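Commentary on secondary and tertiary structure
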Amino acid sequence: MKRKLLFNIVLCTILCGISTRGLSQYFHFTQFDKSPLTLNPALTGSFYGDLRAYTLYRSQWAGVLDKPFSTYSIGIQKPIYLETDKLAFGFFALHDDAGENAYKTTHFSLSASYAKVVGLTEFSLGLQGAYTFRTIDGAKYAFPEDFNRSIGSFDPTYSDLENADIDGANASNIDINVGMAWKGNFDSFRPSVGLSGFHLVSTGFSFLANNQEGDYKIPTRIVAHLSLKKYINSIYVDPIFMLSAQSGVNTNIFGVNLGYEPKPNNANIEEIYGGLLLRNGIEGNQDAFIVRAGVVFGDFAFGAAYDFNVSPLQEGVASNGSFEVSLSYTSPSTRLIKSKIESERL
């Protein structure tokens, strides 16, 4: 009970410092490499196959809150092969529910990318349009203006702000995102790197009915990611890194995955992997220690990750963090590969 009370006090302190014009916190996944359409639009269709569909589910603070933060998402990608190059399209949908805080986000995006093959490398550019819809129940929040000095506590009905009622309010905005990526296939070495920008063009939004300060515009967020996958026979080591920077606030995830790709077997298991990662938060402080694992069997891939909280919030939440699962299906490629056969004229 004490831990839950402390957590709620910290959480409310954070939320009270956020303007009622808008909340710019973005959704994120620990398995960022399993959600390409939220990592980099240039990764749309970056796989071999006719179609890929995937889903991720994330639950946060389940051991502390009666109703944890929950995120549900689905994505679909379709590549179109043009000789050696590739054009691809993608659709992504997400719903995020901030638990007991009555702040919900629904997000849709459409992506397109073009990949150019040069030798053993592939370079791609991507463009994405996104629509985000938010709802908030203001009755469940307390803002500085709601502090009633006569009783020494917050009272949502006390605020004297005119037309500032956000009970049941909603707001939406449109974003344009771009990205570029490069990957190589050098025998036993498979590196990849990418850079993307989100909210490069963004319409403003506000929860206030009569907003005198103008709509809130989400600051541009820059994302960089890197993978250095190295095979040693049927085993691979894959150091990975992801950095997200927005308005001077940097968050990064780095660590290493270790995988094994067995020979053909009756269980149809093609790959087994596990990894240890660390996520750093604001001002570089350690935020979470991450354990992940996954398996690829046939056309399906399953992954799971757990974040053990190691931030200053640990005093209130112990090691309770986030649990995340991912599932994807990739349909086999029906692409016909053209080849020249030399023959002598009879």
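Look above for the structure.
Residues numbered from 1 in each chain as written. Predicted model: local features only at pLDDT ≥ 70, side-chain atom pairs only at ≥ 80, totals over all residues. Heavy atoms only, no water.

**Concerning a nonpolar patch on the surface**
Together, F123, L125, L127, I176, V178, M180, L195, L200, V201 and I222 make up an exposed nonpolar region whose accessible area comes to about 810 Å². When residues of the nonpolar patch are traced back to their parent elements, those giving at least two are strand 5 (121-136), strand 8 (169-184) and strand 9 (189-202). Along the chain, the position of I176 falls in strand 8. (Patch = residues over 30% accessible without salt bridge, like charges linked within 9 Å, V, L, I, M, F, W, Y side chains within 5 Å. Areas by Shrake-Rupley, 256 points an atom, 1.4 Å probe, with all protein chains shown as cover. Salt bridge = Lys/Arg side-chain N within 4 Å of Asp/Glu carboxyl O. Helix = DSSP H or I, 4+ residues; strand = E, 2+ residues; numbered from the N terminus.)

**Considerations on the pattern of salt bridges**
Enumeration according to the criterion identifies 7 salt bridges in this entry. Residue R58 pairs with D307 through a salt bridge whose shortest N-O separation is 3.3 Å. Residue R58 is found in strand 1 (residues 51-60), and its partner D307 is found in strand 15 (residues 300-309); the two are separated by 249 residues along the sequence. Classification of R58 as buried rests on a relative accessible area of 3%. Taking the relative accessible area as the measure of exposure, D307 reaches 2% and is therefore buried. A salt bridge links D307 to R279; the shortest N-O distance between them is 2.9 Å. Pair noted here: D307 is in strand 15 and R279 is in strand 13 (residues 269-280), with a separation of 28 residues, a long-range link. It is possible to trace a salt-bridge network through shared partners that takes in R58, R279, D307 and E324. (Buried < 20%, exposed > 50% of the residue type's maximum accessible area, 1.4 Å probe, protein only.)

**Describing the pairing of strand 14 (residues 286-297)**
Where strand 13 lies against strand 14, 11 bridges are found, and the strand directions are antiparallel. The residue bridging L276 from the neighbouring strand is V291, located in strand 14. As paired elements, strand 14 and strand 15 share 10 bridges and run antiparallel to each other. Looking at the pairing, R292 lines up with A305 of strand 15. Counting the residues in the hairpin turn of strand 14 and strand 15 gives 2 residues, including G298, whose phi is positive at 65°. (Pairing = 2+ DSSP bridges.)

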